Amino acid sequence: MIKIEIKEGEKIDRALKRYKKKHRNVKIMQNIRENQFFTKPSVKRRRQVQKAAYIQNLRDQEDI
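Residues numbered from 1 in each chain as written. Predicted model: local features only at pLDDT ≥ 70, side-chain atom pairs only at ≥ 80, totals over all residues. Heavy atoms only, no water.

Remarks on the overall build of the protein chain
At step 1: When its secondary structure is counted, the protein chain shows three helices and zero strands.
At step 2: Written out in order from the N terminus, the α and β elements of the protein chain read α-α-α.
At step 3: Against the 2.2 N^0.38 benchmark of 11 Å for 64 residues, the protein chain shows a C-alpha radius of gyration of 19 Å, more extended than a compact globule.
At step 4: Along the longest, intermediate and shortest principal axes, the C-alpha atoms of the protein chain span 50 × 40 × 10 Å. (Helix = DSSP H or I, 4+ residues; strand = E, 2+ residues; numbered from the N terminus. Rg over C-alpha atoms; globule rule 2.2 N^0.38 Å.)

With respect to helix α3 (residues 41-63)
Helical geometry note: an α-helix holds 3.6 residues per turn, so side chains three or four residues apart project in the same direction.
At step 1: Here α3 contains 23 residues, and its C-alpha end-to-end distance of 33 Å stays within 8% of the 33 Å for a straight helix at 1.5 Å per residue.
At step 2: Of all 23 residues making up α3, only zero are buried, and the element is barely covered by its neighbours. (Expected span 1.5 Å × (residues − 1). Buried < 20%, exposed > 50% of the residue type's maximum accessible area, 1.4 Å probe, protein only.)

Observations regarding a nonpolar patch on the surface
At step 1: Judged by side-chain polarity, Y54, I55 and L58 come together as a nonpolar surface patch covering roughly 300 Å² of accessible area.
At step 2: Note that Y54 resides in helix α3.
At step 3: Classification of Y54 by relative accessible area gives exposed; the value is 54%. (Patch = residues over 30% accessible without salt bridge, like charges linked within 9 Å, V, L, I, M, F, W, Y side chains within 5 Å. Areas by Shrake-Rupley, 256 points an atom, 1.4 Å probe, with all protein chains shown as cover. Salt bridge = Lys/Arg side-chain N within 4 Å of Asp/Glu carboxyl O.)

So, unusual backbone geometry
A negative phi holds for most residues other than glycine; trans holds for most peptide bonds.
At step 1: One non-glycine residue with positive phi stands out, namely K27, at about 60°.
At step 2: Relative to the assigned elements, K27 resides in the loop between α1 (12-26) and α2 (28-34).
At step 3: Residue K27 is classed as partly exposed on the basis of its relative accessible area, which comes to 45%.

Notes on the environment of M1
At step 1: Tracing the sequence through the fold places M1 in the segment before α1.
At step 2: When its relative accessible area of 96% is taken as the criterion, M1 is described as exposed.
At step 3: Once the C-alpha coordinates of M1 and K22 are considered, the two residues, 21 residues apart in sequence, prove to be 11 Å apart.

Side note on a positive patch on the surface
At step 1: A cluster of basic residues, K7, R14, K17, K20, K21 and R24, forms a positive patch on the protein surface.
At step 2: Among the structural elements, K7 can be located in the segment before α1. (Lys, Arg positive; Asp, Glu negative; His and termini not counted. Charge placed at Lys NZ, Arg CZ, Asp CG, Glu CD.)

Some thoughts on the pattern of salt bridges
At step 1: In this structure the tally under the stated criterion is one salt bridge.
At step 2: Across the pair R18 and E10 runs a salt bridge whose closest N-O atoms are separated by 3.1 Å.
At step 3: Residue classification places R18 among the partly exposed positions, given a relative accessible area of 27%.

So this is what it looks like as structure tokens:
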């Protein structure tokens, strides 16, 4: 559970902004979506390898 301590004199907008930033960094919604359906370990590994290859390709393109 994410807790945001509101400091004295802090506006609610600022606290809400900090909450949203923390929420994004924790990736709560992404984890909920991923866990809605079961994915086989082999599929997870395949996606991980594909993502690594894609990132490596981008870095190689950047060096050229």
